[in-house]
Amino acid sequence: MRPSHALISSLLATLALAFQAHAQAPAPADKLVFGSNWYAQAEHGGFYQALAEGTYKKHGLDVAIKMGGPQINVLQLLLAGQYDVAMGDDLQTYKAVEQGLPLVTVATTFQQSPTVLVSHPGPKTLGDLKGKTLYIGQASETTYWPWLKTKYGFTEAQKKPYTFSVQPFLVDKNSAVQGYLASEPYTIETQGRFKPTVFLLGAYGYPPYAQTIVATRSGLDAKKDAIRRFVEASAEGWKSYLKNPAPGNALILKDNPQMTPALLDYGVKALRDARLVDGGDARTQGLLTMTDVRWKKTYDFMVREKLLSPKVDYRSAFTTDIVDQVHVLP
């Protein structure tokens, strides 16, 4: 028996509906794990904002943010495949590349380093701290301390170890202490009951970017489009966060119960005032951008101070392929 025209029409209609439903079904989101460099804080706000507002989801991504901390080696976990992308910094990545590790920086959160020296009122410029007691941590030996000595003539004699307490600084009126823009100045204001003078090293020419986004070479090759969408969505998250940080801050407070709303408010204001995210080249080229010129300056500084072998190719630690496609203006 031949099927009736009605049955054939019904079958064709059913197949058409099934095909249409299949065609309209959204593609599964690409999963990415992003490892941060510390406990959740304002400096991570744009990433949490993109998560809170569904921006990653809009870009076809399923993103998980894993907090860092004092016992977490972020780049080691990245190399081990636990993360797809992670927060790093220029100097760290250059040293990793020097050791033959396959890391590559694809974007940067901050257009300049948030590292600061904080003094009692009086000094007007960074150079005015020459001769004063400086509470400086050991890690500075391979980061900004050589730069300070070369540019400003600071000496080992004026340096004392920083023990991650501002109390010695508060007692010694003729001193300065290292810190980060949204951290130590806040602690000093709340504990010392005075407004300190803050010198942002990046504003004085300290060349590295900060809080960069790093991938492995193989990871970038395998997930280049997903990582590009991650950078674009993160840039949109930062743009939104700087305007209204409430959604991102809610997630930060959930992830990091030790954080306080007051410190978050201080951190957001510090980021805005210093234009760490939306200043520099980001003003015209888009948030999270980087340039070959800036990376060369960091490379030259490291080689000059014997922090890096001149045999390292300065372009080996980064690529601008991703940020050249992302133009989220402030």
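Structure shown above.
Since this is a predicted model, take the numbers as computed values, not measurements.

Concerning the pattern of salt bridges
- Under the counting rule described, the total for this entry stands at 17 salt bridges.
- For Lys224, the salt bridge goes to Asp321, with nearest N and O atoms at 3.5 Å. Of the two residues, Lys224 is situated in helix H10 (residues 224-243) and Asp321 in the segment after helix H14 (292-304); the sequence distance between them amounts to 97 residues.
- Residue Arg315 pairs with Asp292 through a salt bridge whose shortest N-O separation is 3.0 Å. Taken together, the residues span a long stretch of sequence, with Arg315 in the segment after H14 and Asp292 in helix H14 at a distance of 23 residues.
- When its relative accessible area of 46% is taken as the criterion, Arg315 is described as partly exposed.
- Ionic contacts of the salt-bridge type, sharing partners, join the residues Asp30, Asp225, Arg228, Arg229 and Glu232 into one network.

Concerning the pairing of strand E3 (residues 85-88)
- Here E3 shows two buried faces, one formed by Val85 and Met87 and the other by Ala86 and Gly88.
- Sheet topology places E3 next to strand E10 (residues 210-216); three bridges connect them, and they run antiparallel. Bridging from a neighbouring strand, Ala86 pairs with Val214 of E10.

Topic: the sheet that holds strand E1 (residues 30-35)
- Read from one edge to the other, the open sheet built from five strands follows the order E2-E1-E3-E10-E4, with strand pairing classed as mixed. Taken across any chain shown, the strands that pair with only one partner, and hence form the sheet edges, are strand E2 (61-66) and strand E4 (103-110). Within this sheet the neighbouring strands show an average axis-to-axis angle of 25°, counted without direction.
- Those strands touched by helix H5 (residues 90-98) are E3, E4 and E10, and its axis lies near 175° from that of E4.

Here we look at helix H12 (residues 261-274)
- Its 14 residues place the ends of H12 20 Å apart at the C-alpha level, agreeing with the 20 Å of an ideal helix rising 1.5 Å per residue.
- Three or more residues of H12 are buried, namely Leu264, Gly267, Val268, Ala270 and Leu271. The arc enclosing the buried residues of H12, seen along the axis, measures out at 160°, which places them on a common side. Opposite its buried face, H12 presents the exposed residues Pro261, Asp265, Lys269 and Asp273, each directed more than 90 degrees away.
- On its buried face, H12 sits against E4, H10 and helix H11 (246-255).
- After H12 finishes, the residue Arg275 shows a positive phi value of roughly 55°.

Parameters at a glance
Residues numbered from 1 in each chain as written. Predicted model: local features only at pLDDT ≥ 70, side-chain atom pairs only at ≥ 80, totals over all residues. Heavy atoms only, no water. Salt bridge = Lys/Arg side-chain N within 4 Å of Asp/Glu carboxyl O. Helix = DSSP H or I, 4+ residues; strand = E, 2+ residues; numbered from the N terminus. Buried < 20%, exposed > 50% of the residue type's maximum accessible area, 1.4 Å probe, protein only. Pairing = 2+ DSSP bridges. Axes fitted to C-alpha atoms, helices over the stretch in contact; angles between N-to-C directions. Contact = heavy atoms within 4.5 Å. Expected span 1.5 Å × (residues − 1). Arc of directions from axis to C-beta.

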